[in-house]
Amino acid sequence: MTRKRRFFQSIRFKLLLVSLSLLAIPWAGYRYIQETERFLRQTQESTLLSTAQAVAALLHNSPAIVNATQTAESNHPGEPLQYVNQLDHPVQLDGYTEEWRPFLGNLQRYPATDPWLFESILGEYGGYLYLLISVHDQQVLYHPPGSDRLDLGDYIDITLTAPDGARKRYRIASTAPGWVTARTLTDRSGTPYPIGREDRIQGEWQTSESGYTLELRIPRYLLGDHIAITVSDLDDAARPLSARLVSTTGDGPPTQLGRIVRPDPAIGRLIGGMQHENARIWVVNNQRLVLARRGRLQPPEAAIETEIPVPASPLQPLLRLILDQPSEHFQDDLSRSARLQGREIDAALAGQPQSRRRSTPDGRAMILSAAWPIQSADGVAGAVLVEQTTNRILSLQNQALEQITGITLVLFLFVALAILGFASLLTGRIRRLSRRIETAVTPDGRIQGALPADRSADEIGDLSRHFSSVLNRLAEYNRYLEAMASRLAHEFRTPLSIVKSSLENLQSDTVETDRQRYILRAQQGIERLGLILHRMREATRLEQQLIQTEREPFDLCVLLDQAVEGYRSAFPQVAFELERCTGPQTINGAPDLISQALDKLISNAVDFHQPESIIQLRLQKADARHIRLSVRNAGPPLPEGMQQELFASMVSIRGKSGSEPHLGLGLYLVRLICEFHAGHAEAQNLVGESAVEFTLWLPVERESRTEGND
């Protein structure tokens, strides 16, 4: 009785494990998508470089870019620059920095090294120039009220050139936090001297945690192309000359003014037609100051809100935990930058185009930037920087992965169910076959019925048919064993009866002549018993002899010629005919055993042949590896179904008459000898000829395989 099998030990579980190989599909898909993403990124990089190159070619020797560069570099090599940010709306003068928040990254510290004294930034909107000055001062000293001197406290000087080129100087000194106006200064004997108020320059002075903050507004019609800011930090009102002076051009009073640099509308108009969707184009001079900017990396909020949402799949929440998701809400740290930094800018200003991939400060997006140098007659005048996020590529990648994962899961589920169902079908057929085998064989090993063969053409059908064939052969073998016991009992019964009756008659009969006759009959019975035992020992001895026999190559044609001559001498009343192929036919084996097998076949043929008929021996090439030796005689046909059974032990179809016992061991020995030589024996009735043919199939050596057939 078979024990119950667990599921993980079954074929269904093993086939289910095989179905896990389908998981290689999403892995292969992911690898393919990675390669596709790399290709798309390379394409995007090439596109951005091409755009930057086109813009740089458009600005090649452009007067706007050349003038901005030459003014800063060629005319005044050491001239400082003051960048003016373009504001989105007018600034309310309140002394606070909230309205400047988008531009606070552009604050410039003076001096550049610690300890710094003040930070400043310039902005422009409409007809005004706005200044934000944040002073770092732990002790703010205000101007004493009612004093005409403006150097007895902390103050800020604004030095600029008027549109006519005249140099103007204004001072803002406050007696307390609040609204302030500028005072016009003039030099008397080298000392600044106030000569009046300039109410058009106004602002708000407010204290801060680290000092104070000043917001100023200057009408543009008062301003030319240069400006400088000077901050005085006085800690002792009794010593006004001890004040620390720091300006935007260095320590101390400004020796020269800084040139005002602002985005050029002409350059902006030139690059306006080169914009890409969700891309940004920058133009910087060789001081990295922004001269023009067009486009944006993030779509407008309205566009994001009105975007049609894509229906979410059930896998999307899971994939969001695994995959990076594109986001249009990210921190753009360069959106208001006045000066661009980066290795691609450095390379472009050195004359070498380059691209760079960087992550946003919040890590929500990846930005690809490409820079191209702007050439002029004097060298590199600036650079073009084109930026774009990789959100589109990431979105396409995630969509493709989502589709591949969904398709794979559906396919995996379908295939797993199909494999599970197919495995259940196979195991059901195997279980039915197992039950049939258990039903056909009793617990003590007896075969009690035939096993019906499966008609299917697959391997299980073959297995069923093989089991059916094996059981049939076992059943026949069992019948053979039972018949062999009966045959041996029959063969032994007759001589034993003869011996027994002869001995009984000897005891009761006193006539000498009768006693001699009974003794002769007893001797004949004993001889018959001896002959039976001799033939049984002969079969056993041959089986043992086969194990010890050494093989040697010999020519079967020569052996056959000699054997036929011997048969003609031994059976002069029988006609023998030999038909064989020409040339030697070498086999590897034992010549004596082949002669013994041939003797058995000839003995059978002589016993069963019709008088005056010919016994034919044929030796023919069957194929390149085998030779066919047959003995044919005219006589009674073999019983139907007994062609192969004749080669079994103790099987005979001879009649019961005759003085010699026939145990059916002759053809059994022929089969053993043939199998020893790696061949096999066959018996068949020749249709239409009333003849029987016994055939030995024997392998030939390589030397004789090339010989032709006669």
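About the thresholds
- Residues numbered from 1 in each chain as written.
- Predicted model: local features only at pLDDT ≥ 70, side-chain atom pairs only at ≥ 80, totals over all residues.
- Heavy atoms only, no water.
- Helix = DSSP H or I, 4+ residues; strand = E, 2+ residues; numbered from the N terminus.
- Buried < 20%, exposed > 50% of the residue type's maximum accessible area, 1.4 Å probe, protein only.
- Contact = heavy atoms within 4.5 Å.
- Pairing = 2+ DSSP bridges.
- Core = buried A, V, L, I, M, F, W, Y, C linked by side-chain atoms within 4.5 Å.
- Axes fitted to C-alpha atoms, helices over the stretch in contact; angles between N-to-C directions.
- Disulfide = S-S within 2.5 Å.
- Expected span 1.5 Å × (residues − 1).
- Salt bridge = Lys/Arg side-chain N within 4 Å of Asp/Glu carboxyl O.
- Parallel < 35°, antiparallel > 145°, perpendicular 65-115°, else oblique.
- Left-handed = near helix turned anticlockwise from the far one by under 90°.
- Phe/Tyr/Trp six-rings, centres within 6.5 Å; stacked < 30°, edge-to-face > 60°.
- Lys NZ or Arg CZ within 6 Å of the ring centre and 35° of its normal.

Asker: It is not clear to me how the overall build of the chain should be interpreted in this structure. Could you clarify?
Answerer: Counting its secondary structure elements, the chain contains 14 helices and 25 strands. Among the 710 residues that make up the chain, the fraction classed as buried is 42%. For the chain, restricting intrachain contacts to residue pairs at least 6 apart in sequence, the fraction spanning at least 24 positions comes to 65%.

Asker: Is there a simple way to think about the pairing of strand β10 (residues 226–233) in this case?
Answerer: A regular strand places its side chains on the two faces of the sheet in alternate fashion. The buried count for β10 comes to eight of eight residues, which makes it a mostly enclosed element. The two faces of β10 match: His226, Ala228, Thr230 and Ser232 on one face and Ile227, Ile229, Val231 and Asp233 on the other face are all buried. With six bridges connecting them, strand β5 (residues 155–161) and β10 associate as antiparallel partners. Paired with Leu160 across the strands is Ile227, a residue of β10. Examined bridge by bridge, β10 and strand β13 (residues 258–261) share two bridges and lie antiparallel to one another. Paired with Ile227 across the bridge in β13 is Gly258. As defined by bridge partners, β10 adjoins strand β11 (residues 244–247) across four bridges and the pair is classed as antiparallel. For Thr230, the partnering residue across the bridge sits in β11 and is Ser247.

Asker: Sorry if this is basic, but what is going on with the nonpolar core here?
Answerer: Nonpolar side chains tend toward joint burial in soluble globular proteins. In this structure, Leu556, Phe576, Leu598, Ile602, Ile615, Leu617 and Phe694 are the most contacted members of the largest nonpolar core, which totals 42 residues. Every element with two or more residues in this core is listed here: α11 (556–570), α12 (591–608), β22 (614–621), β23 (626–634), α13 (666–676), β24 (680–686) and β25 (691–699). Core analysis: the next-biggest nonpolar cluster, separate from the first, contains 34 residues, Val261, Ile345, Ala383 and Val384 among them.

Asker: When you look at the sheet that holds β24 in this model, what are you seeing that I'm missing?
Answerer: Two modes of strand pairing occur in sheets, parallel and antiparallel, and in both the strands are linked by backbone hydrogen bonds. Strand order in this open sheet of five strands is β20-β22-β23-β25-β24, and the pairing throughout is mixed. The sheet is open, and its two borders are formed by β20 (575–580) and β24, each paired with just one other strand. For this sheet, the mean angle separating the axes of adjacent strands, direction not counted, is 15°. Direction of pairing for β22 relative to β23: antiparallel, over a ladder of six bridges. For Lys621, the partnering residue across the bridge sits in β23 and is Ile627. Strands β20, β22, β23 and β25 of the sheet are contacted by α11, whose axis makes an angle of about 170° with β20. Packing against the sheet, α13 makes contact with β24 and β25, and its axis sits at approximately 25° to β25.

Asker: Could you clarify how one ought to interpret the sheet that holds strand β18 (residues 379–389) in this entry?
Answerer: Here we have five strands laid out as an open sheet, ordered β15-β14-β18-β17-β16, and antiparallel in their pairing. Either end of the sheet is taken by a strand with one partner, and the two such strands are β15 (290–295) and β16 (354–359). The average undirected angle you get between the axes of adjacent strands in this sheet is 20°.

Asker: Hey, could you run me through the state of the cysteines in this one?
Answerer: A covalent bond between the sulfur atoms of two cysteines is what we call a disulfide. One pass over the full model with this rule turns up zero disulfides. Distance from the sulfur of Cys557, which forms no disulfide, to the nearest cysteine sulfur (Cys581) is 4.9 Å.

Asker: How should α12 be read in this particular structure?
Answerer: Since there are 3.6 residues in each turn of an α-helix, residues three or four apart along the chain are aligned in direction. Look at α12: 26 Å from first C-alpha to last across 18 residues, which is about the 26 Å you get at 1.5 Å a residue. Leu593, Ile594, Ala597, Leu598, Leu601, Ile602, Asn604, Ala605 and Val606 are the residues of α12 that are buried.

Asker: Teacher, can you tell me more about the pattern of salt bridges here?
Answerer: Oppositely charged side chains can form a pair if their charged atoms are brought close together. Scanning the entire structure with this criterion turns up 22 salt bridges. Two residues, Arg220 and Glu124, come together in a salt bridge whose shortest N-O distance is 3.1 Å. Here Glu124 lies in strand β3 (residues 118–125) and Arg220 lies in the loop between β9 (211–219) and β10, a separation of 96 residues in the sequence. For Arg220, a relative accessible area of 37% puts it in the partly exposed group. Of the charged contacts in the structure, one is a salt bridge between Asp199 and Arg197, with a shortest N-O distance of 3.7 Å. Here the salt bridges do not stand alone but share partners, grouping Arg280, Asp332, Arg358 and Glu387 into one network.

Asker: For this particular structure, what's the right way to read the packing of α11 against α12?
Answerer: Helix packing for two helices is described by the angle between their axes and how far apart those axes are. Where α11 contacts α12, the two axes come as close as 11 Å, and the packing angle between them is 45°. Between α11 and α12, the interaxial angle falls into the category oblique. As for how α11 packs across α12, the hand of that crossing is right-handed. Here Leu556, Leu559, Leu560, Ala563 and Tyr567 of α11 lie close against α12, whose contacting residues are Pro591, Ile594, Ser595, Leu598, Asp599 and Ile602.

Asker: What's the story with the packing of aromatic side chains in this structure? I'm lost.
Answerer: When we look at a pair of aromatic rings, we describe it by the centre distance and by the angle of the planes. Overall, the coordinates contain six aromatic pairs when judged by the stated rule. Seen in terms of ring centroids, Phe571 and Phe576 are 6.4 Å apart; in terms of plane orientation they differ by 45°. Their pairing is tilted. Three or more aromatic residues link up through ring pairs in this structure, and these residues are Tyr142, Trp205 and Tyr212. The positively charged end of Arg217 is found above the aromatic ring belonging to Tyr128, 5.0 Å away from the centroid. Residue placement shows Arg551 over the ring face of Phe676; its charged tip is 4.3 Å from the ring centre.

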